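# Structural overview for review
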Amino acid sequence: MSRTLISVGGTGQHVALALARLVYMGAVRNDVRLIALDPDNESPLPKLLEAPAGMSGDRHPLGTGQVHAPFDVSRFGDASFEQLFVDEHHPYERELFEAMFDEDMAGIPVHKGMYGTPCVGATVFAEGANGATFKTQLAPVANATQVFVCGSVVGGTGAGIMHKLVTEVRKYFQGPMYGLFMLPWFKVQAGAATQGAITDATIQRNATHGIKYFFSHTIPALTSSVLVGYPGSEQSAVLKPLTLGAGDMGEHPHYLHLVAAHGLTRLEEAHTANRSVKAYGVAHDEAHEDWLLANAWEEPRGRSLRQVIRAHRVLLNLLRFLVAEKQKNAMLGYYKPGFLTGLFGGSRTAWGDDLHKSVESAEPTQKQQGVVVEQMFGELEQLEREVRLCVDWAQGLFPEALLRLPQGDPMLDALQKGTADQWDAIRKTWAGKAMPPKPTGKLTGAEIARHHARAILDEALKG
Amino acid sequence: MTTALLHSYSANVPERPGLFPLGDGTNLPAEWQPDPRQYQPAALPTPFARAEATTLVLEQSAPGEHPLFDQFGWMLLGVVSGVLRLAPDDLRDDRYDNFGKALLQVDDGARYFSRVVWPDGASGGLLFGASYRTCLLWPHARRVASQWNALAQAIQGRQSEALVLLAQWREALRRQGRWSAQLVAWQRGVDATLGNNVATDVDVLRTGAALHGPVWAVVPTGDPARPTRAEPLYLPVLDPGRFERFRDLLQSTPRRAPDGSAVELADAAGAACARIETPRVAADASTLALGAGNLSFGQQRGALGEGAPRLAELEELLEPVRLALQKEGRATDAASVRAGIGFYPDALRLLDQVKEAAAPADLILTSRLQVLALRGIRVPTEDSDDIASIDAGGKRVTLVDRVGESALFELRALGFLLFRVFSGELAVRDGAIVSGGNPASFAGGAMIAADAKHPLEPSSALYQAVAAAPPSALARRLALLQRFVATYRSAEPMLDKAARSFATWAWGTGTAVAGLGKRGDRALPWRVAGLELRLARDPLLGP
């Protein structure tokens with residue numbers, strides 16, 4: 001099974017980031033491959049998606065987080081919408097362009113986004129869909145088992161691109177294609193709109209038109225779709241109204257992105273049960289707002305999302321402990337004699353023999369072992385950032401009362417207490433899990449770090 | 001208790017959390033239907049947003065409720081009144097560069113469209129919008145109120161005639177089963193524009209209007225499996241006297257324009273008085289879509305021809321237009337063109353109308369009479385001694401002695417043939433008229449044509465003979481003439497009139513010959529071109 005997620009615009013990137021975390025934590029199967037489209041790939045949000053917590057290239061949970069412009073940005077640079085098409089040599093082209101778009105639309109600097117104007121987004125996308133660059137970007141969908149297109153129907157980019165994207169993808173892929181469509185999920189701060197930025201009025205306007213267009217034109221081309229949006233003025237522990245400043249292009253995680261990600265895991269099943277239904281909403285349990293935490297999602301052993309988050313919180317705590325200056329210096333001091341040994345002593349009792357055996361498997365000589373351990377710490381620090389990305393996100397979506405991580409949990413209890421208990425927990429986790437030497441090539445410190453971190457996680461998942 | 005994670009959704013939500021079908025799972029929930037008065041093109045995710053918005057407005061709104069509805073109405077009346085002109089075009093043309101390609105990426109069905117231009121406006125050629133199949137016409141994004149007002153003022157003097165014409169055009173489509181405001185948004189828009197204007201006739205459409213285009217438009221098909229389809233449609237444009245002008249210009253010389261882009265009708269001075277477009281297009285383009293068959297008039301500088309209209313030549317030159325129609329799946333036989341008003345370009349439509357007027361569908365005329373009819377001379381339908389018709393398998397073969405100031409003597413000629421049989425000069429054998437066992441002849445040729453196209457048409461020689469003064473020998477055979485008239489008095493009107501016409505001529509005094517004496521039996525069956533006429537011999541000749 002290979003699922004391709006095509007995210008469109010900023011909202012699509014938000015859902016992609018939610019999915020990246022879920023895949024990283026193992027709550028969603030690791031077969032989702034991302035194609036992200038947005039004319040702006042310089043703002044904080046696309047930069048985050050490209051390398052969340054530094055996970056880029058093969059390390060990215062979604063295969064890649066690179067955000068592609070729907071048109072050949074290198075060719076057009078900072079051209080306005082009009083400048084993409086109109087030139088002095090084609091008066092009929094100019095005449096028709098001016099008939100279809102007013103002066104305000106013509107002046108939109110599309111490399112910064114579509115300024116909440118779906119008709120502009122659709123046209124820019126049509127231009128890009130002509131080019132070889134875009135065809136190359138879409139070609140991988142031919143290998144997918146399922147395709148999901150994800151974005152907003154209220155912004156300029158997502159709404160403008162979505163319908164044509166669906167029909168364009170169909171040129172490369174005839175299998176099941178699903179939609180994850182976000183309706184209004186935030187408000188824009190009043191009175192602070194800069195020129196061209198989206199306003200609340202723009203959002204509402206685009207929502208009504210976009211939904212109408214979606215049902216008329218887009219839904220028929222998709223296998224089925226789910227629509228998710230903020231329910232009016234409701235507020236609750238997880239449904240928190242969000243107001244963004246004009247032009248705010250950072251990440252703003254929201255419960256609704258998790259809901260959209262949930263749709264990705266449920267649409268196939270829903271479609272199999274009833275092939276006549278093309279459009280779904282999501283019902284939220286107001287009395288049990290942790291219903292998504294209680295679901296098993298796609299974790300292979302059927303663990304709930306709550307259990308998965310808990311296990312990663314355990315891992316995060318222990319990683320933080322390990323990479324803390326005191327512990328790090330202790331280990332490096334042991335493996336780099338002549339400098340720190342005098343200060344911190346030469347005992348590896350704290351972390352136990354199993355980690356040491358792994359280090360020895362990588363490098364028999366102590367001098368070189370120091371290098372391995374330095375590599376190991378580099379990777380542990382990276383892992384700490386990665387896990388923190390996921391745990392902080394989950395804790396931001398759900399208050400502690402809903403996360404309801406188990407009370408009297410030995411592992412969690414141990415983490416609340418002092419150093420000795422954490423080392424104890426770690427040693428017990430690593431017992432019997434030393435890495436043997438590789439049959440060919442050398443073990444690296446990074447591999448050791450990932451192995452032993454995995455051991456902690458596996459132990460935590462048992463809880 | 002559950003709530004739907006959707007803005008403004010008040011329908012029932014299931015009690016279990018998770019996915020649930022929206023509404024019926026397929027159609028837009030009613031509470032999400034936008035207010036049609038508030039549609040804004042900018043918010044529609046397509047480059048054809050103005051067309052899409054116009055379609056939605058026409059579907060759901062009313063005049064006065066949305067600017068797009070009113071602008072649609074003005075554009076439509078502008079075209080029909082002749083103020084605005086349709087200019088067919090092709091998005092794939094290089095003139096539209098990458099913008100055209102981008103538009104075609106979104107909707108390749110929009111390739112052929114018509115620009116809607118005001119050629120005589122203050123700016124000397126101003127685009128007011130363009131066509132699109134779902135809304136017919138959509139208005140320009142940048143035309144301001146003063147420009148719309150100027151258009152309205154230019155239309156004002158012709159508005160009432162334009163409404164009459166538009167109503168007739170609607171009526172013509174309605175008669176073909178091609179009108180449904182429930183199915184087609186632009187037709188609802190036209191209904192609203194017309195208001196109380198209703199047509200029960202299509203006379204102005206046929207004789208006082210151009211049909212110009214085409215505009216690719218969604219129309220009802222009558223097929224439940226596919227209720228609507230986009231087809232090339234021709235819009236009406238006021239042009240009083242158009243039919244007569246075209247008919248008169250058929251006297252001129254048809255020729256191909258030097259660059260091959262048109263067929264021209266040229267007067268004696270070589271001026272192109274009429275131009276029928278046959279555009280030269282790229283190999284993958286449609287000549288029909290780009291205006292093949294559109295007719296315009298030029299300045300006549302010389303005389304037109306005197307002879308019969310050169311229809312055969314013109315038809316041959318227009319063959320590419322017919323082929324272009326056939327390529328689009330349109331039949332081009334006379335019945336189809338006649339029945340499909342609004343779906344055929346003007347040149348073919350008017351040409352068919354000329355031929356129809358010249359030869360009403362239920363009549364078979366001689367070629368001489370057809371020439372006169374093509375010149376606009378009305379074939380009389382009132383009964384008189386100068387005209388007679390006989391039924392021939394649903395159509396009526398018609399012979400005329402005199403129409404207007406033209407003398408044809410067709411009845412007289414037939415009477416001559418009947419007299420030759422009556423007098424024993426010719427015989428009837430096995431259904432044919434013979435002379436000594438051979439087919440009867442006159443001046444070395446057949447007397448009467450015997451083909452289905454021109455049954456009973458007298459030959460030129462016979463025509464000349466009866467047009468001249470009668471031979472004096474005939475006048476001495478009064479008794480024979482009297483018995484001849486008496487014999488055919490009880491026959492079909494055509495034979496009766498033919499006998500009397502001949503007898504009056506043969507007697508030479510200008511007075512009618514009375515039918516007297518013994519009547520012959522009309523027992524001789526003459527079969528000619530599907531007709532069977534019973535002829536007689538003078539009873540005094542014996543068997």
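These numbers were taken from a predicted model, which means no experiment stands behind them. (Residues numbered from 1 in each chain as written. Chains lettered and ligands numbered in written order. Predicted model: local features only at pLDDT ≥ 70, side-chain atom pairs only at ≥ 80, totals over all residues. Heavy atoms only, no water.)

### Section: the overall build of chain B
When helices and strands are counted, chain B shows 18 helices and 22 strands. The 543 residues of chain B split such that 54% are buried. Pairs at least 24 apart in sequence give 62% of the contacts found in chain B among residues at least 6 apart. As displayed, chain B offers around 22,700 Å² of accessible surface, 49% of which is attributable to carbon and sulfur atoms. (Helix = DSSP H or I, 4+ residues; strand = E, 2+ residues; numbered from the N terminus. Buried < 20%, exposed > 50% of the residue type's maximum accessible area, 1.4 Å probe, protein only. Contact = heavy atoms within 4.5 Å. Areas by Shrake-Rupley, 256 points an atom, 1.4 Å probe, with all protein chains shown as cover.)

### Quick word on the packing of aromatic side chains
Considering all chains together, one arrives at 39 aromatic pairs over all chains under this definition. Where Y335 of chain A meets W351 of chain A, the ring centres are 6.3 Å apart and the plane angle is 35 degrees; that geometry is what we call tilted. Of the two residues, Y335 of chain A is situated in helix 13 (residues 325–335) and W351 of chain A in the loop between helix 14 (341–344) and helix 15 (352–362); the sequence distance between them amounts to 16 residues. Taking the centre distance of 6.4 Å and the plane angle of 50 degrees together, the rings of F416 of chain B and W505 of chain B count as tilted. Of this pair, F416 of chain B sits in helix 14 (residues 410–422) while W505 of chain B is found in helix 18 (residues 493–507), placing the two residues 89 residues apart along the sequence. Exposure remark for F416 of chain B: the relative accessible area of 13% places this residue in the buried category. Taken together, the aromatic side chains of F416, F419, F422, F442, F484, Y488, F502 and W505 of chain B make up a single cluster linked through ring pairs. Over the aromatic face of Y344 of chain B sits the side chain of R330 of chain B, whose NZ or CZ is 5.9 Å from the ring centroid. Seen from the ring of F409 of chain B, R412 of chain B lies directly overhead, with NZ or CZ sitting 4.0 Å from the centre. (Phe/Tyr/Trp six-rings, centres within 6.5 Å; stacked < 30°, edge-to-face > 60°. Lys NZ or Arg CZ within 6 Å of the ring centre and 35° of its normal.)

### A short note on the pattern of salt bridges
Working definition: two side chains of opposite charge can pair if their charged atoms are close together. Applying the stated criterion to the full structure yields 56 salt bridges over all chains. A salt bridge links K164 of chain A to E168 of chain A, with the nearest nitrogen and oxygen atoms 3.4 Å apart. Within this pair, K164 of chain A and its partner E168 of chain A are both found in helix 8 (residues 157–169), separated by four residues, close to a single helical turn. Side by side, K164 of chain A and E168 of chain A carry an identical accessibility label, which is buried. With its nearest N and O atoms 2.7 Å apart, the salt bridge here joins R229 of chain B to E231 of chain B. Residue R229 of chain B is classed as partly exposed on the basis of its relative accessible area of 32%. When salt bridges with common partners are traced through the structure, they connect R3, R29, D31 and E298 of chain A into a single cluster. (Salt bridge = Lys/Arg side-chain N within 4 Å of Asp/Glu carboxyl O.)

### Thoughts on the interface of chain A and chain B
Contacts between chain A and chain B engage 75 residues on the former and 61 residues on the latter. Summing the contributions of chain A and of chain B, the shared interface buries around 5,700 Å²; its carbon and sulfur component is 65%. When the buried surface of chain A facing chain B is broken down by residue, M100, H209 and K212 of chain A rank first, second and third, together holding 13% of it. Inspection of the chain A/chain B interface yields one salt bridge. The partner of E95 of chain A in a salt bridge is R115 of chain B, with the nearest N and O atoms 3.1 Å apart. Looking at the side of chain A that touches chain B, the elements with two or more residues in it are helix 4 (91–100), helix 5 (103–106), helix 6 (118–130), helix 8, helix 9 (200–218), strand 7 (224–228), helix 10 (255–273) and strand 9 (279–285) of chain A. Classifying every residue of the side of chain A that touches chain B gives 41 nonpolar, 16 polar and 18 charged. Bridge analysis of strand 9 of chain A against strand 1 (residues 2–4) of chain B gives three bridges, and the strand direction is antiparallel. Counterpart to A283 of chain A in the pairing with strand 1 of chain B is A4 of chain B. (Buried area = accessible area lost by both parts, 1.4 Å probe. Nonpolar A, V, L, I, M, F, W, Y, C, P; charged D, E, K, R; others polar. Pairing = 2+ DSSP bridges.)

### Here we look at the environment of V337 of chain B
Residues and elements named next belong to chain B. Structurally, the position occupied by V337 is in helix 11 (residues 334–339). Distance in space between the C-alpha atoms of V337 and L351 is 9.8 Å, their sequence separation being 14 residues. Not counting residues up to four positions away in its chain, the partners in contact with V337 are T332, Y344, L348, R349 and D352.

### Thoughts on unusual backbone geometry
Here the bond from G213 of chain B into P214 of chain B is cis, since omega is 0 degrees, no more than 30 degrees from zero. Examined against the element boundaries, P214 of chain B turns out to sit in strand 7 (residues 209–223). Although it is not a glycine, A53 of chain A sits at a positive phi angle of roughly 55 degrees. Of note, A53 of chain A is situated in the loop between helix 2 (44–50) and strand 3 (67–68). With a relative accessible area of 16%, A53 of chain A lands in the buried category.

### Digging into the sheet that holds strand 18 (residues 427–429) of chain B
All names here are of chain B. Sheet architecture is open: three strands sit in the order 18-19-20, paired in antiparallel fashion. In this open sheet, the two strands that pair with only one neighbour each are strand 18 and strand 20 (438–439). Two elements, strand 18 and strand 19 (residues 432–435), share three bridges in a ladder whose sense is antiparallel. Pairing of R429 across the sheet is with A432, part of strand 19.

### Focus on the state of the cysteines
Residue and element names in this part refer to chain A. Here the structure, examined in full by the defined rule, presents zero disulfides over all chains. The thiol of C150 is not disulfide-bonded; the next cysteine sulfur, from C390, is found 18 Å away. Taking relative accessible area as the criterion, C150 reaches 0% and is therefore assigned buried. (Disulfide = S-S within 2.5 Å.)

### A closer look at helix 12 (residues 305–323) of chain A
Along an α-helix, a turn takes 3.6 residues, which lines up residues three or four apart on a common side. In this model, helix 12 of chain A (19 residues) spans 26 Å end to end at C-alpha, consistent with the 27 Å of a helix rising 1.5 Å per residue. When you tally the buried positions in helix 12 of chain A, you get 16 out of 19 residues, the bulk of the element. (Expected span 1.5 Å × (residues − 1).)

### Here we look at the domain arrangement of chain A
You'll often see interface size given as the accessible area lost when the parts meet. All names here are of chain A. Considered domain by domain, chain A is made up of domain 1 (3–294) and domain 2 (305–462). Taken residue by residue, the interface counts 23 residues in domain 1 and 22 residues in domain 2. Both sides together, the interface formed by domain 1 and domain 2 hides about 2,200 Å², and carbon and sulfur atoms give 69% of it. For the pair domain 1 and domain 2, the interface holds three salt bridges. Between R59 and E379 there is a salt bridge, with the nearest N and O atoms lying 2.3 Å from each other. In this assembly, domain 1 and domain 2 are joined by nine residue pairs in polar contact (both at pLDDT 80 or more). Contributions of two or more residues to the side of domain 1 that touches domain 2 are made by helix 1 (9–24), helix 10 and helix 11 (291–294). Here the side of domain 1 that touches domain 2 gets four residues from one element, more than from any other, and that element is helix 1. Classifying every residue of the side of domain 1 that touches domain 2 by side-chain character gives 16 nonpolar, two polar and five charged. (Domains from an automatic or database assignment. Polar contact = N/O pair within 3.5 Å; in protein donor to acceptor, adjacent residues only side chain to side chain.)

### Observations concerning the confidence of the model for chain A
For chain A, mean pLDDT is 87; residues scoring 70 or higher make up 90% of the total. When mean pLDDT is compared element by element in chain A, helix 4 of chain A scores highest at 97, while helix 14 of chain A scores lowest at 53. (pLDDT = per-residue confidence, 0-100.)

### A few points about the pairing of strand 5 (residues 126–132) of chain B
Residues and elements named next belong to chain B. Burial analysis of strand 5 places seven of its seven residues in the buried class, the great majority of the element. Direction of pairing for strand 4 (residues 112–118) relative to strand 5: antiparallel, over a ladder of four bridges. Residue pairing in the sheet places R115 in a bridge with A130 of strand 5. Here strand 5 runs beside strand 6 (residues 136–139); their pairing, made up of four bridges, is antiparallel. Counted as the bridge partner of G129 is P139 from strand 6. Connecting strand 5 to the antiparallel partner strand 6 that follows it, the hairpin turn spans three residues.

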